[in-house]
Amino acid sequence: MEKERNVMMFIIRNVLIFILFFTISFAQDTYASFDMVSGPVDIKITDKQHVYFPLHFDGESGVVLESEKSRTLFTTFINSSFEKFKDWESTAKENGVKDFEKDISSKRLGDLHYFKYGSWQFKFGKSIITSRITINEDGEAFFLIITPKYTSSSNEYIKSDGGVIMLDESAVTAINKALSTEFINSVKSEEENIDALFN
């Protein structure tokens, strides 16, 4: 009986240590925000400089960008898609196109895709991200970034409906700034300088 109790206490202690380590190692802090058409969105970062970039208006799903290369691939996709969107928008206006929708590009991006379900966060491999132009019945064009639906492999009832964000030119500019290495380094440097004041 005493041996079983000791084993159980050992297991509980190690689980608590693991949870504490995981929480400290992967805590996310907001370091930048940008305004989408639907409202403001926070971009979060970990101590390891893994960026959690939201791809849903409520920030409940998105991609994790773990390196400068991942961030560059992501911003290159956004920028090239937005340039094509502007070309298509001009063509649509010149030709009076209304009530139209077409994918611009799709690419597997990010190191992980995440979504939140209640207080839990689930992560998958790289996410297929699609850029799209949508033109309404009044001829107004919108630039969308879309992610697919996901379902937990261990529980079919835990799922994400996918994400859709609507971006304009100012949001694209803000995203480029927020994901630049220079900006991330300046934010981290400022945090370290403030922390050093209280040693």
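Residues numbered from 1 in each chain as written. Predicted model: local features only at pLDDT ≥ 70, side-chain atom pairs only at ≥ 80, totals over all residues. Heavy atoms only, no water.

## Considering the packing of aromatic side chains
For step 1, the next point in the chain: Tallying each qualifying case throughout the model produces four aromatic pairs.
For step 2, the next point in the chain: With 5.1 Å between their ring centres and 70 degrees between their planes, F82 and F143 make a pair best called edge-to-face. You can see F82 sitting in helix α2 (residues 68-94) and its partner F143 sitting in strand β9 (residues 141-147), a full 61 residues away along the chain.
For step 3, the next point in the chain: Accessibility expressed as a relative area gives 1% for F143, which makes it buried.
For step 4, the next point in the chain: Aromatic rings pair up to connect F82, F85 and F143 into one cluster. (Phe/Tyr/Trp six-rings, centres within 6.5 Å; stacked < 30°, edge-to-face > 60°. Helix = DSSP H or I, 4+ residues; strand = E, 2+ residues; numbered from the N terminus. Buried < 20%, exposed > 50% of the residue type's maximum accessible area, 1.4 Å probe, protein only.)

## Concerning helix α3 (residues 169-178)
Residues spaced three or four apart along an α-helix point in a common direction, a consequence of the helix completing one turn every 3.6 residues.
For step 1, the next point in the chain: Within α3, burial applies to A171, V172, I175 and A178. Each buried residue of α3 lies within a common arc of 130 degrees when the element is viewed along its axis, so the set occupies one face. Turned more than 90 degrees away from the buried face of α3, the exposed residues are T173 and K177. (Arc of directions from axis to C-beta.)

## A word on α2
For step 1, the next point in the chain: Over its 27 residues, α2 extends 39 Å from the first C-alpha to the last, a length consistent with the 39 Å expected when each residue adds 1.5 Å.
For step 2, the next point in the chain: Listed as buried for α2 are S70, R71, F74, T75, F77, I78, S81, F82, F85 and A92.
For step 3, the next point in the chain: Where α2 ends, the next residue or the one after it, G96, has phi of about 65 degrees, a positive value. (Expected span 1.5 Å × (residues − 1).)

## Some words on the pairing of strand β8 (residues 127-135)
For step 1, the next point in the chain: In terms of burial, β8 is a largely internal element, seven of the nine residues being buried.
For step 2, the next point in the chain: Two strands pair when backbone bridges link them, and strand β5 (residues 100-109) and β8 are joined in this way by nine bridges, in the antiparallel orientation. Among the inter-strand pairings, S106 is bridged to a residue of β8, identified as T130.
For step 3, the next point in the chain: Counting the residues in the hairpin turn of β8 and β9 gives five residues, including G139, whose phi is positive at 85 degrees. (Pairing = 2+ DSSP bridges.)

## Notes on the environment of L144
For step 1, the next point in the chain: On the secondary structure map, L144 appears in strand β9.
For step 2, the next point in the chain: Leaving out residues up to four positions away in the same chain, L144 has contacts with T130, S131, R132, T134, V164, I165 and M166. (Contact = heavy atoms within 4.5 Å.)

## Some details on the environment of A32
For step 1, the next point in the chain: Of note, A32 is situated in strand β1 (residues 29-36).
For step 2, the next point in the chain: With 13 residues separating them along the chain, A32 and I45 place their C-alpha atoms 9.0 Å apart.
For step 3, the next point in the chain: Apart from residues no more than four positions distant in its own chain, A32 is found in contact with V41, D42, I43, A178 and F183.

## Things to note about the sheet that holds β8
For step 1, the next point in the chain: Taking strand neighbours across the sheet as the criterion, the four strands line up as β5-β8-β9-β12 in an open arrangement whose pairing is antiparallel. Looking at the sheet topology across the chains shown, the edges are occupied by β5 and β12 (163-167). Going across the sheet, the axis of each strand differs from the next one's by a mean of 25 degrees, ignoring polarity.
For step 2, the next point in the chain: When β8 meets β9, the two strands line up antiparallel, connected through six bridges. In the strand pairing of β9, T130 is matched with I146. (Axes fitted to C-alpha atoms, helices over the stretch in contact; angles between N-to-C directions.)

Read these as spatial facts, not as claims about activity.
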